[in-house]
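For reference, the chains in residue letters:
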Amino acid sequence: MWWFQQGLSFLPVALVVWSAASFVFSYITAIVLHHVDPLVPYISDTGTIPPERCLFGIMLNVSTFLGMATMYVRYKQVSALSPEKPKILRLNKLGLRLGWMSCFGLCIIANFQKCILYYVHVLGACLTFGVGSIYMLVQTILSYLMQPELHSKDIFWARLVVFLWSCSSILSMFVSSVVLYSGLYGQNLVQKLHWDPQERGYTPHMISTVSEWSLAFSFLSFFLTYIRDFQKISLQAAVTLQGQTLHKSPGSFRAEEQALLIAGSI
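Conventions adopted
Residues numbered from 1 in each chain as written. Predicted model: local features only at pLDDT ≥ 70, side-chain atom pairs only at ≥ 80, totals over all residues. Heavy atoms only, no water. Disulfide = S-S within 2.5 Å. Helix = DSSP H or I, 4+ residues; strand = E, 2+ residues; numbered from the N terminus. Axes fitted to C-alpha atoms, helices over the stretch in contact; angles between N-to-C directions. Parallel < 35°, antiparallel > 145°, perpendicular 65-115°, else oblique. Left-handed = near helix turned anticlockwise from the far one by under 90°. Contact = heavy atoms within 4.5 Å. Nonpolar A, V, L, I, M, F, W, Y, C, P; charged D, E, K, R; others polar.

Undergrad: Any chance you could explain the state of the cysteines here in plain terms?
TA: The bond known as a disulfide is covalent and runs between the sulfur atoms of two cysteines. Counting across every chain of the model gives 0 disulfides. Cys103 takes part in no disulfide bond, and the closest cysteine sulfur, belonging to Cys107, lies 9.6 Å away.

Undergrad: Got a minute to help me understand unusual backbone geometry in this structure?
TA: Glycine aside, a negative phi is what most residues show, and trans is what most peptide bonds show. That bond from Pro50 to Pro51 is cis: its omega, 5 degrees, falls within 30 degrees of zero. Topologically, Pro51 is positioned in the loop between helix H1 (10-32) and helix H2 (52-81). The phi dihedral of His34 falls on the positive side, at around 60 degrees, and the residue is not glycine. Secondary-structure assignment places His34 in the loop between H1 and H2.

Undergrad: What exactly am I supposed to notice about the packing of H2 against helix H4 (residues 118-146) here?
TA: Viewed as axis vectors pointing N to C, H2 and H4 meet at an angle of 25 degrees, and their least axial separation amounts to 13 Å. On the basis of the axis angle, H2 is roughly parallel to H4. The element H2 and its partner H4 pack so that their crossing is left-handed. Contacts between H2 and H4 involve Met71, Arg74, Val78 and Leu81 on the former and, on the latter, Tyr135, Gln139, Leu142, Ser143 and Met146. Of the residues in the contact of H2 with H4, the class split is 6 nonpolar, 2 polar and 1 charged.

Functional significance is not addressed by these values, which are geometric in nature.
So this is what it looks like as structure tokens:
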């Protein structure tokens, strides 16, 4: 059995690989069609014009589903490992809510393009990266509270480093974006897809775009830390029949079946 076939470890692997592919494929398509500049455009700019917009949207929608599934499995795993620790259980529920809010933001980004509905797109980005960073913080705290009894300190330190990486990227992107869109370098820069290195505002633009790519890959790196944990968990579904047939009639028959959905153990 390959390492990614153990338990549910394929979930974070699929999330990271698919999400990275959505960025790379839309970037390549936009570059080939000369819709953006080759040197580090905004991720959102690579998903603004058809046909890359269609590819960007559908792939990020799939990433949203994979992200929600991954976060749910993480929630169930922490709950099963710490059933009698109220503090951990409260943080765990908070983490699931924050994680799903972040996924909803990603869905907004996928379906509301920057150059069409800018403020809606920015709202999605704030949910994805802002709320998502708080999710990372909660999971890092959970990792601290669960070590060394349930996992090693290395996992906690790895998640802490990635969280700090994401925070530095957010700060850099926020400051450079405020400077860029302050009005000092012209108006309507949101619609601008091509930049000349000699233009005023090119430096804050590049800092902002590099920070955005850095932030995106910091999030993907955080989910890579789930792989080893997910190798030791599986989910099951309980099937309960309320009657012998599917006709609308009362029945006393009752049968239960528990089916293993995915191989693994906890």
